[in-house]
Amino acid sequence: MMTLRQACEADVSALVVLARRSWLSGFAETAPAALVRDRLAGEFEQEWYPRHWPAMTVAEYGEMLLGVVQPEGDEVNGLWVAPEAQGRGVGTALLRHAERQIATAGHLRVWLTCSGFNTGAARFYRARGYCEVGRSTKERGCGLVEELLRFERRLVPHQPPNPSTSSTAGLAI
């Protein structure tokens, strides 16, 4: 049974590994090699997760972390799923959880950005009702320009929780 729970400080080192593995699985086949080398040589995850874990929700199966999501205001600021758990409903469960948190905070829409190099993630968001509403570019340290896709989805106003709804879901790993 997969469980969603608030991240804790003890998760930080596992979150760093999860994020790096997930990023690589999403970008290795589609991004220029210079971007992949630059990201893997950097310290982004080692700096990000120790500071931001309190805002994150993790999916776990037993002791294994399967994914993480970070809502921030009306944005899904990060969603990563371990490569071995992709395609099994983990990302959808985390995304819907973040959307409920955002709706509970009073927002009527959710947005996120996705790299144009991460074509699998763009397909994932479109399949879950997100519409592309804009594009921008960001110059990366390796001299490449990355296109960022902005997606949005309308939310249903927050409803009180249904007592029959559980925070666990069946999952076959």
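Structure shown above.
Quick look at the structure, then. In this text, all values refer to a predicted model and were calculated from it rather than measured experimentally. (Residues numbered from 1 in each chain as written. Predicted model: local features only at pLDDT ≥ 70, side-chain atom pairs only at ≥ 80, totals over all residues. Heavy atoms only, no water.)

1. Structural notes on the environment of Leu18
Short version of the rule: Each helix corresponds to a stretch of at least 4 residues labelled H or I by DSSP, and each strand to a stretch of at least 2 residues labelled E; elements are numbered beginning at the N terminus. Only heavy atoms matter for contacts: two residues are in contact if any of them lie within 4.5 Å across the pair.
By the element assignment, Leu18 lies in helix α1 (residues 12-27). Put simply, Leu18 and Leu65 are 47 residues apart on the chain and 7.6 Å apart in space, counted from C-alpha to C-alpha. Ignoring anything within four residues of it in the chain, the contact list for Leu18 reads Leu65, Leu66, Gly67, Val68, Trp80, Val81 and Ala82.

2. Re the pairing of strand β4 (residues 75-81)
Definition in use: Throughout, exposure labels follow a simple rule: accessible area from a 1.4 Å probe, protein chains only, divided by the maximum for the residue type, with under 20% read as buried, over 50% as exposed, and the rest as partly exposed. At least two DSSP bridges between two strands are required for those strands to pair.
Counting buried residues along β4, six of its seven residues qualify, which places the element largely inside the surrounding structure. The pairing of strand β3 (residues 64-72) with β4 spans six bridges and is classified as antiparallel. Bridge pairing in β4 links Val69 to Leu79. Remark: two residues form the turn of the hairpin made by β3 and β4, two consecutive strands paired antiparallel; Gly73 in that turn has positive phi of roughly 65°.

3. What to know about the nonpolar core
Quick reminder of the rule: To define a nonpolar core, start from buried Ala, Val, Leu, Ile, Met, Phe, Trp, Tyr and Cys residues and group those joined through side-chain atoms within 4.5 Å.
Counting 47 residues, the largest nonpolar core has Leu15, Tyr49, Val76 and Tyr125 as the members making the most contacts within it. Ranked by residues supplied to this core, first place goes to α1 with seven residues.

4. Some words on the state of the cysteines
In plain terms, the rule: Criterion for a disulfide: a pair of cysteine sulfur atoms at a distance within 2.5 Å.
Per the counting criterion, the structure on display carries zero disulfides. Between Cys114, a free cysteine, and Cys131, which holds the nearest cysteine sulfur, the sulfur-to-sulfur gap is 14 Å. On the basis of relative accessible area, Cys114 is assigned to the buried category, the value being 4%. Using a relative accessible area of 48% as the deciding quantity, one classes Cys131 as partly exposed.

5. Examining helix α5 (residues 119-127)
To keep things clear, this is the line we draw: Summarising the geometry, the arc corresponds to the directions from the helix axis toward the C-beta atoms.
Among the residues of α5, those classed as buried are Ala121, Ala122, Phe124 and Tyr125. Angularly, the buried residues of α5 cover 160° about the axis, an arc narrow enough to put them on a single face. Turned more than 90 degrees off the buried face of α5, the exposed positions are Arg123 and Ala127. Backbone geometry just downstream of α5 places Gly129 in the positive-phi region, at approximately 90°.

6. Some details on the pattern of salt bridges
Side chains carrying opposite charge are able to pair once their charged atoms draw close together. Worth spelling out the cut-off: Throughout this description, the term salt bridge denotes a Lys or Arg side-chain nitrogen within 4 Å of a carboxyl oxygen of Asp or Glu.
The full count for this structure, using the stated rule, is 13 salt bridges. The shortest N-O distance in the salt bridge between Arg21 and Glu84 comes to 2.6 Å. Of this pair, Arg21 sits in helix α1 while Glu84 is found in the loop between β4 and α4 (90-104), placing the two residues 63 residues apart along the sequence. When the shortest N-O distance is used, the salt bridge between Arg126 and Glu132 registers 2.7 Å. Within this structure, Asp74, Arg109, Arg150 and Glu152 form a network of salt bridges that share partners.

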